[in-house]
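# Survey of secondary and tertiary structure
This is what each chain is made of:
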Amino acid sequence: MPYAIYAKELLPMSDGIRRLAAVLILIAGAALLWLAGQHSHDAEAARNDLDSTVAYAREHSASSDPRLKATYSFERGGWVYVHLEGDPATIGFQHGYMLAKEIEDAFPAVQAGMVRSTQRDWAFFRQVAREMLWPKIDPEYQQELQGIAEGLSARTGSQLDVYDIVALNSFEEVPDYYVPWLNKKEKLAGAPNLKSPGNCSAFVATGSWTKDHQIVIAHNNWTSYLNGERWRIIFDIQPAHGYRILMDGFPGVIASDDDFGINSDGLMVTETTITQFEGWDPNGKPEFFRARKALQYAGSIDDYTRIMLDGNNGGYANDWLLGDRKTGEIAQLELGLKAYKLWRTKDGVFAGSNWARDPKVLKEDTPQFDPNDMTSSPNARRVRWEQLLNENKGKIDVSLAQQMLADHVDSFENKTGADERTLCGHVETSARGVSLWEWGAFYPGGAVQGKAADSAMAKGMRLIARLGHPCGDDFLAKPFLAAHPEFAWQEPFLRDLKAGPWTEFHSGEMPAAAK
Ligand SMILES: [Zn+2]
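Residues numbered from 1 in each chain as written. Predicted model: local features only at pLDDT ≥ 70, side-chain atom pairs only at ≥ 80, totals over all residues. Heavy atoms only, no water.

## Observations regarding the overall build of the chain
Stated precisely, the cut-off is as follows: The secondary structure listing takes helices from DSSP runs of H or I that are at least 4 residues long and strands from runs of E that are at least 2 residues long, numbered from the N terminus. Only protein chains enter the accessibility calculation, which uses a 1.4 Å probe; a residue is then buried when its area is under 20% of its type maximum, exposed when over 50%, and partly exposed in between. Whether two residues are in contact is decided by their heavy atoms: any pair within 4.5 Å suffices. Using a 1.4 Å probe, the Shrake-Rupley method yields the accessible areas, and only the shown protein chains count as cover for residues.
When its secondary structure is counted, the chain shows 16 helices and 17 strands. Expressed as a percentage of the 515 residues in the chain, the buried residues total 56%. Of all intrachain contacts in the chain linking residues separated by at least 6 positions in sequence, the fraction that spans at least 24 positions is 67%. With an accessible surface of roughly 20700 Å², the chain has 54% of that area assigned to carbon and sulfur atoms.

Below, the structure written as structure tokens:
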């Protein structure tokens, strides 16, 4: 605009003066552009100052929020321990606020994996969250999920809303259970070959099998390293209603989700997923919500079974391994969608490594799974569990459980060496990968952490956990990506997964400095 004004004022001048003026205008214009550049630079700096002031003010005012009075967190052994306490909205707000950094780190990594594997955009997952999942979640967990979004926003100004958080919570069930079901229903041409995941090696033992004849429970979590290296939260939840919970978990997710937890009424819970599971009920209730509700409200194996069956949607179908320290009884709930089966005993052991065993579940829910293919990871680990548990009958305790979670015997090849068939899985070492789960050659996934507890520990609300491979080996991202450029898409998110020490945690634990 200034140029136009000058030009108009200069109109009556002679040609010579006009030319001179034109040159002057060009110079002035250049100077103005330079000044404008300087100005925007200053403006940017000022805006950054303002942003950090706003961020500080937001965090400062939020940190005096009464909802944060009872919460605290600390890091130990690579884990982030967080204490949440209060009504559902308060617990959620604390979760979002205290784990804001971890949620903002985990969200894009999980999102990238979901979008890539399903070839669906994020708007699709938000829509599923809003229209299919949200209406079936009990109000108290809706309030908790809403609280997570609010706490996150209060801490960082994050734009993630409650449907982003619900979609994140569904990361184990929507991409690998709902989407393949939907693709089949819509007869989608060229649909990606999605398979239900094979997460984990676990067992629960009791009676004459264990050293003290009480329950021992142990679990290692198998996932992609991308997700698994972020599965490092110890949640100590003291809800206004229901039982107190101590569980491992994922930032932003209300269930343990891998799963390992104990509650104050004596329930001890873990699971391994059912390989090649097929099926989904769009009218069912989300698995992440049922699993959290069951850990919070079940005081017995019967309660647990009833809550998991209520609105079973088939998502993230698992063999649940349960213990009740009050009775010494253990159980295996093989939770298919069309069929399910519950086994229980006060003297025995149940192991899991991603295989179904009930003939009806095998036939109706996992029609493609071959229980006789001993080369496959689930079956090879089933054999290894049988060997290890039988060899150690009567001697099993938590320290032996820790060793078992770190076991590197490949039962099919009958040799020692970590691969995709060992209880402590290192699939990135295997050219075979695990095709049953669509994990290709050298897939960066395997056992990402381990946990164990016994009845006495459960009574004291204690568990022991190790971040990283339970054997203590490290996974290093840089050399892996250099050797396997086919996984370059993970580069922005994939980090080293270094093993920490076995570390014990208990409910109500305070950070060392606060003791
Ligand atoms: Zn290992």
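## Some points on the packing of helix α3 (residues 88-98) against helix α4 (residues 100-118)
For the record, the criterion: Angles here are taken between N-to-C directions and fall from 0 to 180 degrees, while the axes themselves are lines fitted to C-alpha atoms, restricted in helices to the stretch in contact. When an angle is under 35 degrees it counts as roughly parallel; over 145 it counts as roughly antiparallel; between 65 and 115 it counts as roughly perpendicular; any other value is oblique. Under this grouping Gly is polar, as are all residues other than the nonpolar Ala, Val, Leu, Ile, Met, Phe, Trp, Tyr, Cys and Pro and the charged Asp, Glu, Lys and Arg.
Two numbers describe how α3 lies on α4: the axes approach to 4 Å, and their chain directions differ by 75°. One finds that α3 runs roughly perpendicular with respect to α4. Taking contact as the criterion, the partners of His95, Gly96, Tyr97 and Met98 in α3 are, on α4, Ala100, Glu102 and Ile103. The residue makeup of the contact of α3 with α4, split by class, is four nonpolar, two polar and one charged.

## Remarks on the pattern of salt bridges
This is how the line gets drawn: Should a side-chain nitrogen of Lys or Arg be within 4 Å of a carboxyl oxygen of Asp or Glu, the pair is scored as a salt bridge.
In the structure shown here, the tally under the stated rule is 33 salt bridges. Close ionic contact of Glu144 with Arg292 constitutes a salt bridge, the shortest N to O distance being 2.7 Å. Placement of Glu144 in helix α6 (residues 139-156) and of Arg292 in helix α10 (residues 287-297) is noted, with a sequence separation of 148 residues between them. Linking Arg421 and Asp410 is a salt bridge whose minimum nitrogen-to-oxygen distance equals 2.9 Å. Of this pair, Arg421 sits in the loop between β14 (415-416) and β15 (445-454) while Asp410 sits in strand β13 (residues 409-410), and the two are 11 residues apart along the sequence. Both residues of the pair, Arg421 and Asp410, count as buried. Taken together, the salt bridges that share partners define one network made up of Asp410, Glu413, Lys415, Asp419, Glu420, Arg421 and Arg432.

## Thoughts on the packing of α3 against α6
The line we're drawing: Each crossing gets its hand from how the near helix is turned against the far one by less than a right angle, where anticlockwise is left-handed and clockwise is right-handed.
The geometry of α3 relative to α6 is characterised by a closest axis approach of 6 Å and an angle of 35° between their N-to-C directions. The hand of the α3/α6 crossing is right-handed. In contact with Pro88, Ala89, Ile91, Gly92, Phe93, His95, Gly96, Tyr97 and Met98 of α3, α6 contributes Glu140, Gln143, Glu144, Gly147, Ile148, Glu150, Gly151, Leu152, Ala154 and Arg155. For the contact of α3 with α6, the class distribution of residues is nine nonpolar, six polar and four charged.

## Points about the sheet that holds strand β4 (residues 216-224)
Basically, it comes down to this: By this definition, two strands are paired if DSSP reports at least two bridges between them.
Spatially, the six strands line up as an open sheet ordered β12-β3-β4-β15-β16-β17, and their pairing is antiparallel. Looking at strand neighbours, the two that pair on one side only are β12 (348-352) and β17 (503-506), the edges of this open sheet. Neighbour-to-neighbour, the strand axes of this sheet turn through a mean angle of 20°, independent of strand direction. With nine bridges joining them, β4 and β15 adopt antiparallel strand pairing.

## Let's talk about the sheet that holds strand β8 (residues 267-273)
Read across the open sheet, the nine strands follow the order β1-β2-β5-β6-β7-β8-β9-β10-β11; overall the sheet is mixed. Of all strands in the sheet, those bounded by a partner on one side alone are β1 (72-76) and β11 (340-345). Ignoring which end each strand starts from, the neighbouring axes of this sheet average 15° apart. Strands in contact with helix α11 (residues 301-309) are β8, β9 (318-324), β10 (329-335) and β11; relative to β10, the strand with the most contacts, it is inclined by about 15°.

## Observations regarding unusual backbone geometry
Cis geometry is found at the peptide bond from Asp258 to Asp259, where omega equals -15°. For Asp259, the location among the structural elements is in the loop between β6 (245-249) and β7 (260-263). Even without being a glycine, Cys200 presents a positive backbone phi close to 100°. Mapped onto the elements of the fold, Cys200 is located in the loop between α8 (174-185) and β3 (201-206). The phi angle at Gln276 is positive, at roughly 60°, despite the residue not being glycine. Mapping Gln276 onto the fold places it in the loop between β8 and α10. On the basis of relative accessible area, Gln276 is assigned to the buried category, the value being 9%.

## Quick look at α10
Buried residues dominate α10, accounting for 10 of its 11 residues. Turning to α10, its buried residues are Glu287, Phe288, Phe289, Arg290, Ala291, Arg292, Lys293, Ala294, Leu295 and Gln296.

## Comments concerning the coordination of the zinc ion
Test applied: Excluding water, the donors of a metal are its N, O and S neighbours within 2.8 Å, or within 3.2 Å for Na, K and Ca, and that exclusion means sites may look incomplete. In these descriptions, tetrahedral denotes four donors with every angle between 85 and 135 degrees, square planar four donors and octahedral six donors with opposite donors over 155 degrees apart and the rest between 65 and 115, and irregular any other case.
The zinc ion binds to the protein through His408 (NE2), Cys424 (SG), His426 (NE2) and Cys471 (SG), with metal-donor distances spanning 2.0 to 2.3 Å. In this structure, the zinc ion is coordinated by four donor atoms arranged in tetrahedral fashion, with angles at the metal of 105 to 115°. We note that the donor set of the zinc ion lies within a single chain, spaced as H-x15-C-x1-H-x44-C. Taken together, the residues His408 in the loop between α14 (398-405) and β13 and His426 in the loop between β14 and β15 connect sequence positions 18 residues apart. Residue classification places His408 among the buried residues on the basis of a relative accessible area of 15%.

## A short note on the nonpolar core
Threshold: To form a nonpolar core, buried Ala, Val, Leu, Ile, Met, Phe, Trp, Tyr and Cys residues must be joined to one another through side-chain atoms within 4.5 Å.
In terms of nonpolar packing, the biggest core is built from 97 residues, with Leu145, Tyr178, Tyr304 and Trp320 touching the most fellow members. When near neighbours in sequence (up to four residues on either side) are disregarded, Tyr304 contacts Leu267, Val269, Ala291, Ala294, Leu295, Ala298, Trp320 and Leu322. In terms of nonpolar packing, the next biggest core, distinct from the first, is built from 43 residues, Phe74, Trp79, Phe203 and Trp343 among them.

## Remarks on the packing of aromatic side chains
Note the threshold: Two rings from Phe, Tyr or Trp (for Trp, the six-membered ring) form a pair when their centres are within 6.5 Å of each other. A pair whose planes differ by under 30 degrees is stacked, one over 60 is edge-to-face, and the rest are tilted.
Scanning all chains against the criterion turns up 24 aromatic pairs. Summarising the aromatic geometry, the rings of Phe171 and Phe250 are spaced 5.0 Å apart at their centres and angled 40° between planes, so their arrangement reads as tilted. Remark: Phe250 occurs in the loop between β6 and β7 and Phe171 occurs in the loop between α7 (162-169) and α8; sequence separation between them is 79 residues. By the burial criterion, Phe171 is buried, and Phe250 matches it. Between Tyr178 and Trp280, the ring centres sit 5.3 Å apart and the planes meet at 50°, which makes this aromatic pair tilted. Residue Tyr178 is found in helix α8, and its partner Trp280 is found in the loop between β8 and α10; the two are separated by 102 residues along the sequence. There is no split in this pair, since Tyr178 and Trp280 are both buried.

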